[in-house]
Amino acid sequence: MDPSVIIGLLLAFGSVVAIVTMEGASVTALLLPPPMILVFGATLAVGLAGNTLKDTVQAFKAIPKALIGKPSKPQESIDKVIALAEKARSEGLLALESEAGDTDDPFLARALQNVADGTDADELRTMMEDEIGTRSRADHANARFFAALGGYAPTIGIIGTVVSLTHVLENLSDPTSLGPMIASAFVATLWGLLSANFIWLPFSARITRLSELEVERMTLVMEGILAVQEGAQPMLLADRLRAMVPDHHFKGKGKADAKENVRSAA
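What counts, and at which threshold
Starting from 1, residues in each chain are numbered consecutively following that chain's sequence as written. The predicted origin of the model limits local features to residues at a pLDDT of at least 70 and limits the giving and counting of side-chain atom pairs to 80 or more, whereas totals for whole chains, interfaces and linings rest on all residues. Heavy atoms throughout the structure, all of them, feed into the side-chain values; hydrogens and water do not. Simply put, an axis is a line fit to the C-alpha atoms, just over the touching stretch for a helix, and the angle between two N-to-C directions goes from 0 to 180 degrees. The way it works is that DSSP assigns letters per residue, a run of H or I at least four long becomes a helix, a run of E at least two long becomes a strand, and they are numbered from the N terminus. The labels follow the angle: roughly parallel below 35 degrees, roughly antiparallel above 145, roughly perpendicular from 65 to 115, and oblique for the rest. It is the rotation of the near helix from the far one that decides the hand of a crossing: anticlockwise by less than a right angle makes it left-handed, clockwise makes it right-handed. Note on definitions: a residue-residue contact is assigned when non-hydrogen atoms from the two residues lie within 4.5 Å. Any residue outside Ala, Val, Leu, Ile, Met, Phe, Trp, Tyr, Cys, Pro, Asp, Glu, Lys and Arg is labelled polar, Gly included; the first ten of those are nonpolar and the last four are charged. Here the expected span of a helix is defined as 1.5 Å times the quantity of residues minus one. Three labels apply to residues, based on accessible area from a 1.4 Å probe with only protein chains included: buried if under 20% of the type maximum, exposed if over 50%, partly exposed otherwise in between. The patches described consist of residues with a relative accessible area above 30% and no salt bridge, like charges being joined within 9 Å and nonpolar side chains (Val, Leu, Ile, Met, Phe, Trp, Tyr) within 5 Å. Note that accessible areas follow from Shrake-Rupley with a 1.4 Å probe, and for residues the cover is restricted to the protein chains shown. Salt bridge, as applied in this entry: a Lys or Arg side-chain nitrogen positioned within 4 Å of an Asp or Glu carboxyl oxygen. Polar contact criterion, stated in full: a pair of N or O atoms within 3.5 Å, where within protein one must be able to donate a hydrogen and the other to accept it, and residues adjacent in sequence count only if both atoms are side-chain atoms. Note on terminology: a nonpolar core comprises buried Ala, Val, Leu, Ile, Met, Phe, Trp, Tyr and Cys residues joined through side-chain atoms within 4.5 Å.

**Here we look at the packing of helix H7 (residues 106–116) against helix H8 (residues 121–169)**
Reasoning step 1: Between H7 and H8, whose axes approach to 11 Å, the crossing angle comes to 170°. By the angle between their directions, the pair H7 and H8 is classed as roughly antiparallel. Every pair of crossing elements has a handedness; the one defined by H7 and H8 is right-handed. Contacts between H7 and H8 involve Phe107, Arg110, Ala111, Asn114 and Val115 from the first element and Leu124, Met127, Met128, Glu131 and Ile132 from the second.
Reasoning step 2: Residues of the contact of H7 with H8, tallied by class, amount to 7 nonpolar, 1 polar and 2 charged.

If you want it as structure tokens, here you go:
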């Protein structure tokens, strides 16, 4: 699990709690059911209205992955492809069929099965690129849904404040109650801004970033498998794949160190 999302959200909400406490106010004053129901309920409702039901369901199915999903490690993908290249050179491409059943990566498994079946390289590239594109579009739709919620929420919060202020104006005859009523009115705006910037927009950004990293991994695997099909020399293939990955993705070691480890293992 990548802890960044949990740490970020805790720090964000913790900052709000800190400022409320330091100002001498009570956090419970912000936890008012009516404005929270309006902001969250209406935001989800207009989000549903602006998308299909299937889009909405798929977007919320993406939340667990956004919270607990962790970025793939390029070095693991490279090591796997290099091992496959060495096996293909020593045992032939048909030996990759057994590897297809052993891997838990469906994308890699389908690619290996197609290589073992003798699928044409150009046709295989097209199939794999189509699968990568489909994955990217699906993730983009999920991210766009939450970005839309982030756009709706502040405005809905303002609507809640306007409704509450209308009620305040109806009670001008009681000056002692105006302060608390006005304060309560602005809670809707607060929750609209909080939900947009602390929940919906971070979810959208998180899904987008994880999707980018997954597409990079799938592209790395695709180029590797196509090179294996062509009979690429493993060490040269390792250099080529590492050149496709930014240096900071190699945890605790640079590309040169990672290359040396693979040569030593070989």
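**Here we look at helix H5 (residues 74–91)**
Reasoning step 1: Here H5 is 18 residues long and its end C-alpha atoms lie 26 Å apart, about the 26 Å a rise of 1.5 Å per residue gives.
Reasoning step 2: For H5, the full list of buried residues reads Pro74, Gln75, Ser77, Ile78, Val81, Ile82, Leu84, Ala85, Lys87 and Ala88.
Reasoning step 3: Once H5 ends, the next one or two residues include Gly92, with phi positive near 100°.

**Some thoughts on a nonpolar patch on the surface**
Reasoning step 1: On the surface, a cluster of nonpolar side chains totalling about 210 Å² of accessible area is made up of Val17, Val27 and Leu31.
Reasoning step 2: The residue Val17 is located in helix H1 (residues 4–22) in this model.

**What to know about the side chain of Asn142**
Reasoning step 1: Mapped onto the elements, Asn142 comes out in helix H8.
Reasoning step 2: At 3.4 Å, the side chain of Asn142 forms a polar contact with the backbone nitrogen of Ala59.
Reasoning step 3: Contacts of Asn142, omitting those with residues within four sequence positions, involve Gln58, Ala59, Ala62 and Ile207.

**Details of the nonpolar core**
Inside soluble globular proteins, nonpolar side chains tend to come together where they are buried.
Reasoning step 1: Ile78, Leu96, Phe107, Leu112, Ile225, Val228 and Leu237 are the most contacted members of the largest nonpolar core, which totals 31 residues.
Reasoning step 2: Listing elements by their share of this core, those giving two or more residues are H5, helix H6 (96–102), H7, H8, helix H9 (178–229) and helix H10 (234–243).
Reasoning step 3: With 9 residues, H9 is the single largest residue contributor to this core.
Reasoning step 4: Setting aside residues no more than four positions away along its own chain, Leu237 makes contact with Val81, Ile82, Ala85, Gly224, Ala227, Val228 and Ala232.

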